[in-house]
Amino acid sequence: MSILGIAHTVISVVALLVAAVSLSKDGAINPFSKLGKQYGILTVIACVSSFGLSSSGHFNPGHALAILILLLLGVAWLLGKKKNPISQYVVLFCTSTTVFLSLVPAVNETLSRLPIGHPLADGPTSPIVQNSLKVLLVLYLTGLTIQMFRLKMMLKQK
């Protein structure tokens, strides 16, 4: 791995750990909380650094995911200060989706590189990668549904 690749990986992992702490502590990622700001900044750096990474030397699906993540973070940040319910649902969707989208290349890269010398997968079309992504999708949809339900209950109490 290149120095940029190592830095990108470390920053990405730290961003995901911050997201996990925020999700476990607050049940969501608030773009304006301390953890939410840390997650946002680290994720922006990870996305921007990903543009310098490409095994083919061209634009790839990882770059497209980075652009989508940046757009979702932007929407979450723009709508995050609004207190109307629709904005709160959109922010919740955007922040949770950025975590899911960040995990997609993480799963592929991890399974395609580890264990060193005998990786579990040979790329994104490997059955283990595909099945892992299916499980990840189910976890994302389940978590998002729970978050939306909690937000609905919280809004009803106001």
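Sequence positions are assigned chain by chain, starting from 1 and proceeding in written order. Given that the model is predicted, a residue must reach a pLDDT of at least 70 before its local features are reported, and side-chain atom pairs must reach 80 or more before they are shown or counted; all residues, however, enter totals for whole chains, interfaces and linings. Side-chain descriptors were evaluated using all non-hydrogen atoms of the structure, hydrogens and water having been removed beforehand.

(A) Representation of the nonpolar core within the structure. Only buried Ala, Val, Leu, Ile, Met, Phe, Trp, Tyr and Cys residues count toward a nonpolar core, and they belong to the same one when joined by side-chain atoms within 4.5 Å. Burial classes follow relative accessibility: with a 1.4 Å probe on protein chains only, a residue under 20% of its type's maximum area counts as buried, one over 50% as exposed, and anything between as partly exposed. Core analysis: the biggest nonpolar cluster contains 27 residues, and Tyr39, Val99 and Leu101 have the highest contact counts within it. Mapped by element, the contributors of at least two residues to this core are helix 1 (3-26), helix 2 (34-50), helix 3 (61-79), helix 4 (85-113) and helix 5 (127-157). Where helices and strands are cited, they refer to DSSP runs of H or I of at least four residues and of E of at least two residues respectively, numbered from the N terminus. Examining the composition of this core, we find that 7 residues originate from one element, helix 4, more than from any other. Contact definition: two residues touch when any of their heavy atoms are within 4.5 Å. Those residues in contact with leucine 101, other than ones at most four positions away along the chain, are Leu65, Leu68, Ile69 and Leu72.

(B) A look at the side chain of asparagine 60. Position of asparagine 60 relative to the elements: it lies in the loop between helix 2 and helix 3. As used in this structure description, the phrase polar contact means that two N or O atoms lie within 3.5 Å; if the pair is within protein, one of them must be able to donate a hydrogen and the other to accept it, and residues adjacent in sequence are counted only when both atoms belong to side chains. In terms of polar contacts, asparagine 60 uses its side chain to reach the backbone amide nitrogen of glycine 62, at 2.8 Å. Leaving out residues up to four positions away in the same chain, asparagine 60 has contacts with Leu53 and Ser54.

(C) Here's a closer look at helix 5. The span you would expect from a helix comes to 1.5 Å times its residue count less one. Compared with an ideal rise of 1.5 Å per residue, which puts 31 residues at 45 Å, helix 5 spans 45 Å between its outermost C-alpha atoms and is within 8% of the ideal. Turning to helix 5, its buried residues number three or more, namely Val129, Leu136, Tyr140, Leu144, Gln147, Leu151 and Leu155. Looking at the buried side of helix 5, the elements it contacts are helix 1 and helix 4.

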